[in-house]
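# A structural walkthrough
Each chain, letter by letter, is given below.
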Amino acid sequence: MEVLGILVFYLGLITSLGIGIIYFRDLGDVSQMVLKVKRANMVRFIRNEGRFVAAGLSGAAVMTIAHFALGGGPFWLWLIASVLCAVLYGFPAVWVHVGLRNQKNSAKYYSIADAQEWVSPSSPVVVIENNGVARAHPDAQIMRPHLAGNDEGLAGENVVMTYCAMANLGIGYTPEVEGQPLDLKVLAQHGNNLILRDNTTGEPIQQIYGFRERDVDPSADGPVCPARPGLRMKSWPTFRMTFRGFQKAYPSGTVFINKPPSNPLLALFDMVLEMVFSSEIAKQHRIAKPVMDNMTRHDDRLHNKTYVWGVDINGDAACWTDDFVVENGNLVNATVGGQDLVIAWDPKFESLGVWINGTGSPIDEIDFFGNTAKGQLKRASMLKPGMFWHVWAEYYPHTDINRIGKNETAEAAA
């Protein structure tokens, strides 16, 4: 019986600690500050989190029963293993499921007057607009929940703002695929970009791509794309501006504010987490090297932390920097994937926008709302606004920079 107890004890110990280490490594997030976590391993754990955790905790229970009921293993080893299990399983669970709890159905939006207590005039905000109804999401407010939306929708449309602080990227999506709703949850980041999970299917979703891992076209040569266009979540025109610019453009607009919860313990927990997030994200904006360097490529055509506005159309990718557009008279005409675009900086509203140009000829002048002498243009829904260059280049390595006209880049023009 004693020999059986020892065997069962060590079997439970190895199982519980082995899975716990993998859980902490793949979904602990902070582990990526010191470890190179493989994306394939992370995807596997995201898909099977419940099964893995159940197996690991069962191993811990078996270890405990074997020690106390069968006399297996020394007490000091059981105690150390139990403490390690509490950390290895507890930290990722609390970090992901409590610290990163999202607000995809419960976000509160406030008037500009109320938001002024929380947001300074020059603060950057990520904006989505539908039929004149506009919502602003200050980076500092949406940084931790990562998802913001509510049952009211955006002028009747089901739209959720997704946000990745590591990429400095906000994208508005309709969380549906071919008419079926997705239950989005924040799980991790890799390649300095947010990975969500559709809890309905258990499938990971890379924020920048907007479709489930299982829907990737395996025959695609080059850029990653879905097997069918309808498998990608519908993206909404998303753009950046300052809060004071938002006030001028949309005086009746509303602003997302992540106010502290009423529960004092949860509020204290959030405050500590907010301090950690703010410190690391501030560093991400300051230093050239990514805070979590889990990148697979390096492209030195631009400084890592240059902000770029990028589009990917029909497998063709291009991005622009705000200073380039300003130096070219605040307006650039370009063609990407056969689609004519207008890229323009508006100094009054402090915003860089990209519009679909269906007029058949170049545009000489355009205002913030897309008005031109040839009619009103629509914003490009596929735009990734103001994200870090090193992240854009990670996912679109074939990209042009500062394209002019059909296929000429600023470098070639020079």
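Our structure's up above, just so we're on the same page.
Figured I'd write up the structure that's included with this text. Please read all numbers here as calculations on a predicted model, not as lab measurements. Sequence positions are assigned chain by chain, starting from 1 and proceeding in written order. In keeping with the model being predicted, local features are shown solely for residues with a pLDDT of at least 70 and side-chain atom pairs are shown and tallied solely at 80 or more, while totals for entire chains, interfaces and linings include all residues. Values reported for side chains reflect all heavy atoms of the structure, with hydrogen atoms and water molecules removed beforehand.

Along the protein, the regular secondary structure elements total 11 helices and 26 strands. Put simply, the radius of gyration uses C-alpha atoms, and a globule should come to 2.2 Å times the residue count raised to 0.38. Computed over the C-alpha atoms, the radius of gyration of the protein is 24 Å, within 12% of the 22 Å expected from 2.2 N^0.38 for a compact globule of 414 residues. Structurally, the protein occupies a C-alpha span of about 90 × 50 × 40 Å along its principal axes. In this scheme, a residue with accessible area under 20% of its type's maximum is buried, one over 50% is exposed, and one in between is partly exposed, where area comes from a 1.4 Å probe on protein chains only. The buried share of the protein, reckoned over its 414 residues, is 52%. Whether two residues are in contact is decided by their heavy atoms, any of which lying within 4.5 Å being enough. The contacts of the protein with a sequence gap of at least 6 include a subset with a gap of at least 24, amounting to 63%. Surface exposure of the protein reaches about 18,400 Å², of which carbon and sulfur atoms provide 58%. All tallies of charge rest on Lys and Arg as positive and Asp and Glu as negative; His and the ends of each chain are not included. Working definition for charges: the position is that of NZ of Lys, CZ of Arg, CG of Asp or CD of Glu. Across the protein, the 36 positively charged side chains and the 41 negatively charged ones have centroids separated by 4 Å. For the purposes of this entry, the term helix denotes a DSSP run of H or I that reaches at least four residues, the term strand denotes a run of E that reaches at least two, and both are numbered from the N terminus. The Shrake-Rupley method, run with a 1.4 Å probe, gives the accessible areas here. Residue values count only the displayed protein chains as cover.

Right, let's get into a nonpolar patch on the surface. Patches in this entry comprise residues that are over 30% relatively accessible and not in a salt bridge; like charges within 9 Å are linked, as are nonpolar side chains (Val, Leu, Ile, Met, Phe, Trp, Tyr) within 5 Å. The term salt bridge refers to a pairing of a side-chain nitrogen on Lys or Arg with a carboxyl oxygen on Asp or Glu at a separation within 4 Å. The grouping of Phe-68, Phe-75, Leu-79, Val-83, Val-87 and Phe-91 at the surface amounts to a nonpolar patch, some 550 Å² of accessible area in total. Broken down by element, the nonpolar patch gets its largest block of residues, five residues, from helix H4 (residues 75–99).

Moving on, we come to the pattern of salt bridges. Opposite charge on two side chains permits pairing when their charged atoms draw close. One pass over the structure, following the stated rule, counts 18 salt bridges. With a closest N to O distance of 2.9 Å, Arg-301 and Asp-299 form a salt bridge. The exposure class of Arg-301 is partly exposed, given its relative accessible area of 38%. Each of Arg-101, Arg-144, Asp-270 and Glu-274 takes part in a single network of salt bridges with overlapping partners.

This part is about the sheet that holds strand S11 (residues 203–206). What makes two strands pair is DSSP finding at least two bridges between them. Spatial strand order, S9-S10-S11: three strands in an open sheet with antiparallel pairing. One side of each edge strand has no neighbouring strand; the edge strands of this open sheet are strand S9 (184–190) and S11. Each adjacent strand pair in this sheet contributes to an overall mean axis angle of 35 degrees, direction not counted. Where S9 and strand S10 (residues 193–198) come together, six bridges link them in antiparallel fashion. Bridge pairing links Val-186 to Leu-196 in S10. With axes taken as lines fitted to C-alpha atoms, and helix axes fitted only over the stretch in contact, angles between N-to-C directions fall between 0 and 180 degrees.

Spatially, S1-S14-S3-S2-S13 is the arrangement adopted by the five strands of the open sheet, whose pairing is mixed. Of all the strands in the sheet, the pair left with one neighbour each is strand S1 (109–111) and strand S13 (238–242). Strand-to-strand, the axes of this sheet are offset by a mean angle of 35 degrees, without reference to chain direction. For strand S3 (residues 133–138) and strand S14 (residues 254–256), the ladder comprises two bridges, and the chain directions are parallel. Within the sheet, the bridge partner assigned to Ala-136 lies in S14 and is Val-255.

A word on helix H1 (residues 2–27). Since the α-helix turns once every 3.6 residues, residues separated by three or four places project in the same direction. Taking 1.5 Å per residue, 26 residues should reach 38 Å; H1 reaches 37 Å between its end C-alpha atoms and fits that length. Burial in H1 covers these residues: Gly-5, Phe-9, Gly-12, Leu-13, Ser-16, Leu-17, Ile-19, Gly-20, Tyr-23, Asp-26 and Leu-27. On its buried face, H1 sits against helix H2 (39–47), helix H3 (49–70), H4 and S9. Just downstream of H1 lies Asp-29, where phi reads positive at about 70 degrees. To estimate the expected span of a helix, subtract one from its residue number and multiply by 1.5 Å.

Right, let's get into the pairing of S3. Burial analysis of S3 places five of its six residues in the buried class, the great majority of the element. Between the antiparallel neighbours strand S2 (residues 124–130) and S3 lie two residues, among them Asn-131 with a positive phi of about 55 degrees.

Here we take up the side chain of Arg-135. Locating Arg-135 in the fold gives a position in strand S3. Summary of buried charges: Arg-135 has no salt-bridge partner, and the nearest side chain of opposite charge, Glu-152, is 4.2 Å away. Within the local environment of Arg-135, its side chain forms a polar contact with the side chain of Asn-150, the two groups lying 3.0 Å apart. If we skip the residues at most four places from it in the chain, Arg-135 touches Tyr-109, Val-126, Val-127, Ile-128, Asn-150, Glu-152, Gly-153, Leu-154, Phe-246 and Thr-254. Here a polar contact is taken to be a pair of N or O atoms separated by no more than 3.5 Å, where protein atoms must pair a possible hydrogen donor with a possible acceptor and residues adjacent in sequence count only if both atoms sit in side chains.

With that settled, the discussion passes to the nonpolar core. Counting 78 residues, the largest nonpolar core has Leu-27, Ile-208, Trp-389 and Trp-392 as its most contacted members. Tallying contributions element by element places H4 first for this core, with eight residues. As used in this record, nonpolar core signifies buried Ala, Val, Leu, Ile, Met, Phe, Trp, Tyr and Cys residues forming a set joined through side-chain atoms within 4.5 Å. Core analysis: the second largest hydrophobic core is formed by 17 residues, Ala-115, Val-119, Ala-249 and Val-255 among them.

Summarising burial for strand S6 (residues 169–174): six of the six residues are buried, a large majority. Across five bridges, the pairing between strand S5 (residues 160–164) and S6 is antiparallel. The partner of Cys-164 across the bridge, within S6, is Leu-169. Hairpin connection between S5 and S6: a loop of four residues separates the two successive antiparallel strands, and Asn-168 in this loop has a positive phi of roughly 60 degrees. Relative to strand S12 (residues 234–236), S6 runs antiparallel, the two being bridged by three bridges. Each bridged residue has a counterpart across the sheet, and for Tyr-173 the counterpart in S12 is Ser-235.

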